[in-house]
Amino acid sequence: MKKFVVLASAIMVALSGVTFTAVAQDMTPEQQAAAAIDTRKSLFKVLRFNLGPIAGMARGAPFDAEVAERNARRIASLATMIPEVLAHDTSDFDNIETTALDIIWDNQDDIAAKAQALMDNANAFADVAAGGDMAATLGAFRQLGGSCGNCHDTYRVDED
């Protein structure tokens, strides 16, 4: 199952890169920036979709080890795409809405490291969840959730 998710994600990334490159040739720089932002937002929506049930369990929703493991494996797979979707500098376009701070464009190595940490922590969480122990699984959630926060705290507009 793990190999299938990784393979499917790799195929999606490859196809989206080919499609974006082909389409980008006929786009203005502003349209390219808007497309890059849409792609980023889509990836992060899918990440939230998978994190939501896990966070819900941490807040008291019924525990489901299978869902926790499956969603964490998906998060790990999706994390590999983060550096790629954050590679297109969109800071020159003030009229396009984004929550990315401009400092993100000067810190691509850190973005890659944080994405790797998210992948590692998601896989570690999934490994614990696979054991079916609710207390151990929910105890491992802090590392996974912290991986998201580490990036948000540094590179995302504070919306509070």
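Residues numbered from 1 in each chain as written. Predicted model: local features only at pLDDT ≥ 70, side-chain atom pairs only at ≥ 80, totals over all residues. Heavy atoms only, no water.

Trainee: So what exactly am I meant to see when it comes to the packing of aromatic side chains here?
Mentor: Two aromatic rings, taken as a pair, are described by how far apart their centres are and by the angle between their planes. As enumerated under the stated definition, the model contains 1 aromatic pair in all. Relative to phenylalanine 141, the ring of phenylalanine 125 has its centre 6.4 Å away and its plane inclined at 70°; by these criteria the two rings are edge-to-face. Of the two residues, phenylalanine 125 sits in helix α5 (residues 108-130) while phenylalanine 141 sits in helix α7 (residues 141-155), which places them 16 residues apart along the sequence. (Phe/Tyr/Trp six-rings, centres within 6.5 Å; stacked < 30°, edge-to-face > 60°. Helix = DSSP H or I, 4+ residues; strand = E, 2+ residues; numbered from the N terminus.)

Trainee: Hey, could you run me through the state of the cysteines in this one?
Mentor: Between two cysteines, a covalent bond joining their sulfur atoms is known as a disulfide. Under the defined criterion, the tally for this structure stands at 0 disulfides. Just so you know, cysteine 148 is unpaired, no disulfide at all, and the nearest cysteine sulfur is the one on cysteine 151, 8.8 Å from it. (Disulfide = S-S within 2.5 Å.)

Trainee: What's the story with the pattern of salt bridges in this structure? I'm lost.
Mentor: A side chain with one charge can pair with a side chain of the opposite charge if their charged atoms come near. For the coordinates displayed, the defined rule picks out 3 salt bridges. For the salt bridge of aspartate 127 with arginine 73, the shortest nitrogen-to-oxygen distance reads 2.6 Å. Here aspartate 127, found in helix α5, pairs with arginine 73, found in helix α3 (residues 65-79); they are 54 residues apart in sequence, far enough to count as distant. Of the charged contacts in the structure, one is a salt bridge between lysine 114 and aspartate 110, with a shortest N-O distance of 3.6 Å. Of the two residues, lysine 114 and aspartate 110 are both situated in helix α5; the distance of 4 residues between them amounts to about one turn of the helix. Accessibility expressed as a relative area gives 28% for aspartate 110, which makes it partly exposed. (Salt bridge = Lys/Arg side-chain N within 4 Å of Asp/Glu carboxyl O. Buried < 20%, exposed > 50% of the residue type's maximum accessible area, 1.4 Å probe, protein only.)

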